[in-house]
Amino acid sequence: MKKAISLLLAVAMAALLLAGCGSKAPASSAAAPASSEAQAASQAPAASEEPAEPEVPLIEEELYAPNGDKNIYGIMTRPDDGQEKYPVIIMSHGFAGSSKDQKAYAEDLAKAGYACIRIDFYGGGRASKSGGSMEEMSVKTEATDLSAVMDMVKGLDYVDPDRLFLFGASQGGFVSTMVAADRADEVKGMILLFPAYSLQDDCWERHGSIENVPETEVVMNNTLSAMYSLDAMSFDIYEVMGNYTGPVLLLHGDKDTLVKPSYSERANEVFENSELYIVQGADHGFNGKHQKEASQKIQEWLQINDAQ
């Protein structure tokens, strides 16, 4: 009898224990890991998410602009999106540079809807595809080259001639200013990166007077003829720039030691409709994050000023 009672008690206790275990998991227990299929499903993008915008395909073509007995080389980068007409930006390189210098800007702006032509000035640098030596170059010869490119570009069937912008870096910014002042009604706006408005002061400091200009001189390891300094010393760029009243964006690095930011600050006071943007930490020439920052600023500026 006692054995039977003990057996009944044991069965009852086991039932109670089983009931208690089935009621809930211990408080410290973690939830069971999801299956690999469930994990993949949770990490997959929601069906309602918009797909990324496809990148705009680009077209590149080489062009030449006649300028007397010279042919000025340019490489056009433009969107391949079927539009009939595009606004155009003519890009001018700096002292001893080439059309390769603005490639990143051209591609960024082409993706934003602009036809961008980068040019090689005649004698503008050792790698110039327009020919010539640097002894045949001055700011005045480069101004005639840029003007010739303007004439050529305005005749292209895919270009809107009423939306023509000049883009110049360093000496290219100086030259762009000369041309815009001379052909103000044809230039919708200017984008000037660290424009070398200091080059005239540099010539005066090297020579002191026009009479002291030598037949040749070496500047930054490049041999120039007397024409370079004589042309630069023959006028004042700050008097010329006032003739252009369209919108101007000046970009300058606060660490620029070759062309001090004060030259762009002064220009910002002379131009009637200008904005000066200082790129913090940048020297003469924008690279890496400074180039990306400048490119973004240029696109924002164009969105406003191209719409006016």
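Everything discussed here concerns the structure shown above.
As a starting point, this report considers the structure included with it. Computed from a predicted model, the values in this text were never measured in an experiment.

## Overview of the overall build of the protein chain
When its secondary structure is counted, the protein chain shows 10 helices and 10 strands. Looking at the protein chain residue by residue over its 308 residues, the buried ones come to 46%. For the protein chain, the accessible surface area stands at approximately 16100 Å², while carbon and sulfur atoms represent 52% of it.

## Quick notes on the sheet that holds strand β1 (residues 58-67)
Taken together, eight strands build an open sheet; the order of strands is β1-β2-β4-β3-β5-β6-β9-β10 and the sheet is mixed. In this open sheet, the two edge strands, each paired with only one partner strand, are β1 and β10 (273-279). Across the sheet, the mean angle from the axis of one strand to that of its neighbour is 20°, orientation sign disregarded. Pairing of strand β3 (residues 86-92) with strand β4 (residues 115-119) involves five bridges; the strand directions are parallel. Directly across from Ile89, in β4, lies its bridge partner Cys116. This element, helix α10 (residues 289-305), spans β3, β5 (159-169), β6 (189-193), β9 (247-253) and β10 of the sheet and lies at about 165° to β9.

## A closer look at the pairing of β10
Relative to β10, β9 runs parallel, the two sharing seven bridges. Bridging across to β10, Leu251 finds its partner in Tyr277. Regarding topology, helix α9 (residues 261-270) serves as the crossover connection from β9 to the parallel β10, and that connection is right-handed.

## Re the packing of helix α4 (residues 139-154) against helix α5 (residues 171-182)
Packing of α4 against α5 leaves a shortest axis separation of 9 Å and a crossing angle of 65°. In terms of their interaxial angle, α4 and α5 are classed as roughly perpendicular. In the packing of α4 onto α5, the handedness of the crossing is right-handed. The residues of α5 that touch α4, namely those facing Val139, Lys140, Glu142, Ala143, Leu146 and Met150, are Gln171, Phe174, Val175, Ser176, Met178 and Val179. Along the lines of polarity and charge, the residues of the contact of α4 with α5 split into eight nonpolar, two polar and two charged.

## Topic: the side chain of His290
Relative to the helices and strands, His290 resides in helix α10. One polar contact links the side chain of His290 to the main-chain carbonyl oxygen of Gln280, over a distance of 3.3 Å. When neighbours within four sequence positions are excluded, His290 is seen to be in contact with Val279, Gln280, Gly281 and Ala282.

Basis of the calculations
Residues numbered from 1 in each chain as written. Predicted model: local features only at pLDDT ≥ 70, side-chain atom pairs only at ≥ 80, totals over all residues. Heavy atoms only, no water. Helix = DSSP H or I, 4+ residues; strand = E, 2+ residues; numbered from the N terminus. Buried < 20%, exposed > 50% of the residue type's maximum accessible area, 1.4 Å probe, protein only. Areas by Shrake-Rupley, 256 points an atom, 1.4 Å probe, with all protein chains shown as cover. Pairing = 2+ DSSP bridges. Axes fitted to C-alpha atoms, helices over the stretch in contact; angles between N-to-C directions. Contact = heavy atoms within 4.5 Å. Right-handed = clockwise from strand over helix to strand, strands pointing away. Parallel < 35°, antiparallel > 145°, perpendicular 65-115°, else oblique. Left-handed = near helix turned anticlockwise from the far one by under 90°. Nonpolar A, V, L, I, M, F, W, Y, C, P; charged D, E, K, R; others polar. Polar contact = N/O pair within 3.5 Å; in protein donor to acceptor, adjacent residues only side chain to side chain.

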